[in-house]
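# Architecture at a glance
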Amino acid sequence: MKRLPAWAALGVASVGGVASALQSAANAELGERVGNASFGAALNVASGSVIVLVGLLVLPSMRLGLRALRGSGLPWWAYLGGLGGGLFVTVATYAVPVVGVAVFTIAQVTGNSLGGLAVDRAGLAPAGRLPLTRPRVAGAVLGVTAVALAQVDRPIGDLAVGMLALGVLGGAAVAIQGALNGRVSVASTTSAGTAVNFATAAPAVLTAATLLGAFASGWSSRLPHHWYLYVGGTLGVIIVVCLLVSVRTVGVLRTGLSVVAGQLATALFLDGIHAPVVAAAALTVAAVAITSRR
């Protein structure tokens, strides 16, 4: 698969941000309805894995890509990107009901921006080792500032420090996920990278959800009837594909900032239109533009 132009890759990453915000909201509400937060994450990876299995049956490129990985020479740890995504969706189901989508994004982007700088500097992503230039550092700082600005009118006392810490951890995990999955995708195909992601994430998330009581007696009787609460898996596939396509072209940091732009735009609809959020979205676009400078 050829690399997209940078502007197109950033647009794809923004679509991933929209999907990420919707996924977090849907999974969190589903977990609340069932009575166990981890249930939303479990259903997310389960339904996403079903989509991937269907893809294995109908997409020759996915099967050929998986075969190509046998002789790719990738190190074993390159296949663990799905663990980062699994950690993120699990964390989101617990944090979003407590702090909301926009505040959770504050924590996530902090971890994602700092993690993106570290991952790019280490050269884990397929874009190669990217130095800590002034524009890249300034873009990361602006990204963190943007999401903080989005909640400028929220009292600090309302924030759950522990949940914010989990959000930071989840954001860093997404940065690692994008880098490692990107390596797999470059060595094979985007569809194969998506399959590897879910093959790694599903066992870990389902095991964690089982230990956390997601499938305790009577859970099936509490399932809501609203269809939109069950789209997390489909959105998860979309997110992974968007990250794979974007990271291979523009690196982890710029992909992460574009994802945040999509998340903030979605927050305008989920949490209502507020002037600070509009200003934050504009500031994030500026951050992406700054990091694009040589």
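Predicted model, so just to flag it, every value in this text is computed and none were measured.

Together, Val50, Val54, Leu57, Val58 and Leu59 make up a nonpolar patch on the protein surface, roughly 470 Å² of accessible area in all. As for its placement among the helices and strands, valine 50 is situated in helix H2 (residues 38-58). The exposure class assigned to valine 50 is partly exposed, which follows from its relative accessible area of 48%.

Under the UniProt annotation, "transmembrane region" (unreviewed entry) lies at residues 37-59, 80-107, 159-180, 192-215, 227-247 and 267-290. Here residues 80-107 runs as 96% helix and 0% strand, with 23 Å between its end C-alpha atoms. The distance separating the terminal C-alpha atoms of residues 192-215 is 30 Å; by composition the span is 83% helix and 0% strand.

Take the packing of aromatic side chains next. Applying the stated criterion to the full structure yields 3 aromatic pairs. Seen from their ring centres, phenylalanine 88 and phenylalanine 104 are 5.7 Å apart, and the 40° between their planes marks the pair as tilted. In this structure phenylalanine 104 comes out as buried when scored by relative accessible area, which is 3%. Relative to tyrosine 228, the ring of tryptophan 227 lies with its centre 6.0 Å away and its plane at 85°, an arrangement referred to as edge-to-face.

What follows covers the packing of helix H6 (residues 161-187) against helix H7 (residues 190-211). Their axes nearest at 8 Å, the elements H6 and H7 cross at an angle of 130°. When the interaxial angle is binned, H6 and H7 end up oblique. Every pair of crossing elements has a handedness; the one defined by H6 and H7 is right-handed. Mapping the contact onto sequence places Gln177, Asn181, Val184 and Ser185 in H6 and Thr190, Gly193, Val196 and Asn197 in H7. Classifying every residue of the contact of H6 with H7 by side-chain character gives 2 nonpolar, 6 polar and no charged.

Grouped together as the largest cluster of nonpolar side chains are 25 residues, with contacts concentrated most on Phe88, Val96, Phe104 and Leu243. Put simply, the parts of the chain that give this core at least two residues each are helix H1 (6-34), H2, helix H4 (81-122), H6, H7 and helix H8 (232-270). Aside from chain neighbours lying at most four places away, what touches phenylalanine 104 is Ser24, Phe88, Val91, Ala92, Ala95, Val96, Val99 and Gly167.

Relative to the helices and strands, leucine 53 resides in helix H2. A residue is classified by how much of its surface remains accessible, and leucine 53, at 53% relative accessible area, is exposed. Linking leucine 53 and tyrosine 94, residues 41 residues apart in sequence, is a C-alpha distance of 28 Å.

Let us look at the pattern of salt bridges. Per the counting criterion, the structure on display carries 1 salt bridge. A salt bridge links arginine 33 to glutamate 29; its shortest N-O distance comes to 2.7 Å. You can see arginine 33 and its partner glutamate 29 sitting in helix H1, 4 residues apart, about one turn around the helix. With relative accessibility at 35%, the residue arginine 33 sits in the partly exposed group.

About the thresholds
- Residues numbered from 1 in each chain as written.
- Predicted model: local features only at pLDDT ≥ 70, side-chain atom pairs only at ≥ 80, totals over all residues.
- Heavy atoms only, no water.
- Patch = residues over 30% accessible without salt bridge, like charges linked within 9 Å, V, L, I, M, F, W, Y side chains within 5 Å.
- Areas by Shrake-Rupley, 256 points an atom, 1.4 Å probe, with all protein chains shown as cover.
- Salt bridge = Lys/Arg side-chain N within 4 Å of Asp/Glu carboxyl O.
- Helix = DSSP H or I, 4+ residues; strand = E, 2+ residues; numbered from the N terminus.
- Buried < 20%, exposed > 50% of the residue type's maximum accessible area, 1.4 Å probe, protein only.
- UniProt positions renumbered as here; feature names shortened; annotations may be inferred.
- Phe/Tyr/Trp six-rings, centres within 6.5 Å; stacked < 30°, edge-to-face > 60°.
- Axes fitted to C-alpha atoms, helices over the stretch in contact; angles between N-to-C directions.
- Parallel < 35°, antiparallel > 145°, perpendicular 65-115°, else oblique.
- Left-handed = near helix turned anticlockwise from the far one by under 90°.
- Contact = heavy atoms within 4.5 Å.
- Nonpolar A, V, L, I, M, F, W, Y, C, P; charged D, E, K, R; others polar.
- Core = buried A, V, L, I, M, F, W, Y, C linked by side-chain atoms within 4.5 Å.

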